[in-house]
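A look at the structure
Chain residues, written in single-letter form:
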Amino acid sequence: MGSFGFGGHLMRLRVDGYELGAQIGFGRLARVYAARDLARGADCAVKVLNAPDALAMRAEAAAAAALRHCQGEGWRIATVEAVVLADDGGAGLPALVMPLVAGVALGDWMQGAPDVAAKLRVLRGVFGAVAAVHGAGLAHNDLGFGNILVSGGHVTLLDFDRVSGAGLPDQPRDWGAGAFYDGGQGVTCCGVAHDLRALAILAALMLGGRHPFVDDPRPLLVHDWRGNSPYDQPPRWFEFDGLCGAAAMRDWLAPALTMDARAGAAGLLARMPHPPAP
């Protein structure tokens, strides 16, 4: 076992058979480190859960069984390859070994002000990946700017600890409304229809720079929303500059934003507007 890098916490974190490097991601449930599999001599990522979470482990296992090596034109899906035990200063925590994926988070990629064609190319990859998840009888339940990596116009969908379907129970989100999913105490927002609405919100933010349900999405993005759920009201329509007007946006995204599961991620892809000819 071993570790490299700096920082007191990393120095006390150990995973037998893996050399841990820098922390490359974190979330509510876990933190992720670049790592090296010492037996194979191969780079990987190790996701260490902050606490034992049997449901998250079942969700990751279900996604791995259904989606391992799943990829298509412009997209791929990264799932767990092995489950190991991390020693965090004497405390044993479950850890998940995953591929080390190149790329930047979608939110960071957007900071580079990509043009409309690049945004559409990335969205096509996102829609394709989510369609594969739904085709496997699963729902992701955590789509957003952080769980999609972009590299060279290709996308990787990852982080399946909230998957539902395939016999898994729904997972309540009780920390309040977010930018892509409603929430609140005892609210369960899982399933294909919720994923489709999240996809449509993602498309609206990327292409139109606005959220369909709120004027200022920043509190939603940091889970600091106050007041009633913004998703209790109808969506609003607006122009996607350089792509289409408000009416075309409505025609494309209305079924997903109103949570019609029949819309389908593949259907969103098929109905995507095309940029006007130069």
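The coordinates are above.
Residues numbered from 1 in each chain as written. Predicted model: local features only at pLDDT ≥ 70, side-chain atom pairs only at ≥ 80, totals over all residues. Heavy atoms only, no water.

**Here's the deal with the overall build of the chain**
A tally of helices and strands in the chain yields 8 helices and 14 strands. Along the first, second and third principal axes, the C-alpha set of the chain runs to 60 × 45 × 35 Å. Burial statistics for the chain: of 278 residues in total, 51% are counted as buried. When contacts within the chain are restricted to residue pairs at least 6 apart in sequence, those whose partners lie at least 24 apart make up 53%. (Helix = DSSP H or I, 4+ residues; strand = E, 2+ residues; numbered from the N terminus. Buried < 20%, exposed > 50% of the residue type's maximum accessible area, 1.4 Å probe, protein only. Contact = heavy atoms within 4.5 Å.)

**Description of the side chain of Lys 47**
You can see Lys 47 is positioned in strand E5 (residues 42-49). In this structure Lys 47 touches Ala 30, Arg 31, Val 32, Glu 60, Pro 94, Ala 95, Leu 96, Met 98, Asp 159 and Asp 161, once residues within four positions along its chain are discounted.

**A short note on the pattern of salt bridges**
Inspection of the entire model under this criterion finds 11 salt bridges. For Arg 31, the salt bridge identified is with Asp 88, shortest N-O distance 2.9 Å. Linking Arg 31 in strand E4 (residues 30-37) with Asp 88 in strand E8 (residues 82-88), this pair joins segments that are 57 residues apart in sequence. Across this residue pair, the class does not change: Arg 31 and Asp 88 are buried. Here the salt bridges do not stand alone but share partners, grouping Lys 47, Glu 60, Asp 159 and Asp 161 into one network. (Salt bridge = Lys/Arg side-chain N within 4 Å of Asp/Glu carboxyl O.)

**Digging into the nonpolar core**
Within the largest apolar cluster, 61 residues are counted, with the highest numbers of intra-cluster contacts made by Ile 77, Leu 106, Leu 157, Leu 199, Phe 240, Trp 252 and Leu 253. No other element matches helix H5 (residues 192-208), which puts 11 residues into this core. Trp 252 has contacts with Phe 127, Ala 203, Leu 207, Phe 240, Leu 268, Arg 271, Met 272 and Pro 273, leaving out every residue within four places of it along the chain. Core analysis: the second largest hydrophobic core is formed by 13 residues, Leu 13, Tyr 33, Val 48 and Ala 95 among them. (Core = buried A, V, L, I, M, F, W, Y, C linked by side-chain atoms within 4.5 Å.)

**Thoughts on the pairing of E8**
Sheet topology note: the strand E2 (residues 13-15)/E8 ladder contains 3 bridges and is antiparallel. Within E8, the residue paired with Val 15 across the bridge is Ala 86. Pairing between E8 and strand E9 (residues 91-98): 7 bridges, direction antiparallel. Looking across to E9, one finds that Leu 85 is bridged to Pro 94. Hairpin connection of E8 to E9: 2 residues between the antiparallel strands, including Gly 89 at a positive phi of 60 degrees. (Pairing = 2+ DSSP bridges.)

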